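Single-letter residue listing:
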Amino acid sequence: MNTHRTAHRIVTRAATAAALATALGLGAVHTATAAAPSAAPFADTDPDGGWHQDGLALNAADNKKVDAFVARARRAERSITPQIRAAARLSHADLIGFDQRLKSPDSLKRKVATAMQESPGQTVDASLGKINDAVRFTLQWPAGRYSQGVDSAAGLLSSWGNDSTRWSNTWNRTAGYKAVNSAWRAPRSHQLFEVQFHTPESKAAQLETHKLYEEQRLPGTPPERVRELQEQQNAIFAAVPVPPGAERLTAPVRRLPAPDPARRLPAPARVSVG
């Protein structure tokens, strides 16, 4: 028996458990800003309970469903955040933009209204079901530690029961956005949440191109302007260095517990009497 390897595993498990316990203990402090929204209506809420902004609109019933979705996401965030903080600590990541971990109600409503406008007949429930980033986080490492950090953090999230539902690695793209964007389903609340994995350079490029991207997504943006905005984004992301091995990063494989051997035993044979 390799006692050194066994001891290393024990130490690693102990360190993981300690970091998660510490994060859980500190979770209440850092989720204080995630309190339930005020009962007061949002600035863009109509007198009849509907919503409008930038040429987009939701009727009262759909707006109410989005508000309920926002409230559920805020409750779920309180149990997701401690795991993200523990994964960041163990993988030596910087947790970037922590105060923006909850997508604003207006931003969610713009996303839902845009989806419904682009796909006539699509319900608000179907649109909400496709949203991964009502709760979202960003982990960041220097380029030299990026690939190892992503692999470690994603592996931890998976080992704690979060299911990987989306993994978009765009580091091998010749143009446009560069990073790893992942989506996960939390084991208790079943809330979908997003984790973006960045380097300082890719995060800076994302921030620089954000307004360009938002304008590009507006339904009324002319096609020629859409192309111009994309070219500007391509130029900014082209200057972002690709970390070693980043283009090969893949989603972690969920390791299910081994089946109980007793369940595979054949049933006892019947013994006839008489």
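Please read all numbers here as calculations on a predicted model, not as lab measurements.

(A) Focus on the overall build of the protein chain. Assigned secondary structure in the protein chain consists of seven helices and seven strands. When the helices and strands of the protein chain are read in sequence order from the N terminus, they spell out α-β-β-α-β-α-α-β-α-β-β-β-α-α. Expressed as a percentage of its 274 residues, the buried residues of the protein chain come to 41%. Summing over all exposed atoms, the protein chain offers an accessible surface of approximately 15800 Å²; the carbon and sulfur share of this is 55%.

(B) The arrangement of unusual backbone geometry in detail. Of note, His92 is a non-glycine position whose phi angle comes to about 60 degrees, a positive value. Inspection of the secondary structure assignment puts His92 in the loop between helix H2 (60-90) and strand S3 (94-96). At His190, a position not held by glycine, the phi torsion is positive, near 65 degrees.

(C) Seen up close, the environment of Glu231. As for its placement among the helices and strands, Glu231 is situated in helix H7 (residues 223-238). For the pair Glu231 and Ala175, spaced 56 residues apart in the sequence, the C-alpha separation amounts to 8.9 Å.

(D) A look at the packing of aromatic side chains. Taken as a whole, this structure holds six aromatic pairs when the rule is applied. Taking 6.0 Å as the distance between ring centres and 35 degrees as the angle between the ring planes, the aromatic pair formed by Trp141 and Phe197 counts as tilted. Highlighted residues: Trp141 in the loop between strand S4 (136-140) and helix H5 (143-159) and Phe197 in strand S7 (residues 192-198), separated in sequence by 56 residues. Classification of Phe197 by relative accessible area gives buried; the value is 0%. Measuring from centroid to centroid gives 5.5 Å for Tyr177 and Phe237, while their planes differ by 70 degrees, and the two rings are edge-to-face. Taken as a pair, Tyr177 in the loop between strand S5 (163-169) and strand S6 (180-185) and Phe237 in helix H7 lie far apart in primary sequence, 60 residues in all. An aromatic cluster of at least three residues, connected via ring pairs, comprises Trp141, Tyr146, Trp167, Trp171 and Phe197.

(E) Representation of the sheet that holds S5 in the model. If you trace the five strands from one edge of the open sheet to the other, you get S3-S4-S7-S6-S5, paired in mixed fashion. Edge strands, defined here as strands with exactly one partner in the open sheet, are S3 and S5. The sheet shows a mean angle of 25 degrees between the axes of neighbouring strands, direction not considered. Sheet topology note: the S6/S7 ladder contains six bridges and is antiparallel. Each bridged residue has a counterpart across the sheet, and for Asn181 the counterpart in S7 is Gln196. Packing of H2 onto the sheet brings it into contact with S3, S4 and S7, and relative to S4 it is tilted by some 5 degrees. Contacts between H5 and the sheet are confined to S4, S5, S6 and S7, with S7 contributing the most and set at about 165 degrees to the helix.

The rules we used
- Residues numbered from 1 in each chain as written.
- Predicted model: local features only at pLDDT ≥ 70, side-chain atom pairs only at ≥ 80, totals over all residues.
- Heavy atoms only, no water.
- Helix = DSSP H or I, 4+ residues; strand = E, 2+ residues; numbered from the N terminus.
- Buried < 20%, exposed > 50% of the residue type's maximum accessible area, 1.4 Å probe, protein only.
- Areas by Shrake-Rupley, 256 points an atom, 1.4 Å probe, with all protein chains shown as cover.
- Phe/Tyr/Trp six-rings, centres within 6.5 Å; stacked < 30°, edge-to-face > 60°.
- Pairing = 2+ DSSP bridges.
- Axes fitted to C-alpha atoms, helices over the stretch in contact; angles between N-to-C directions.
- Contact = heavy atoms within 4.5 Å.

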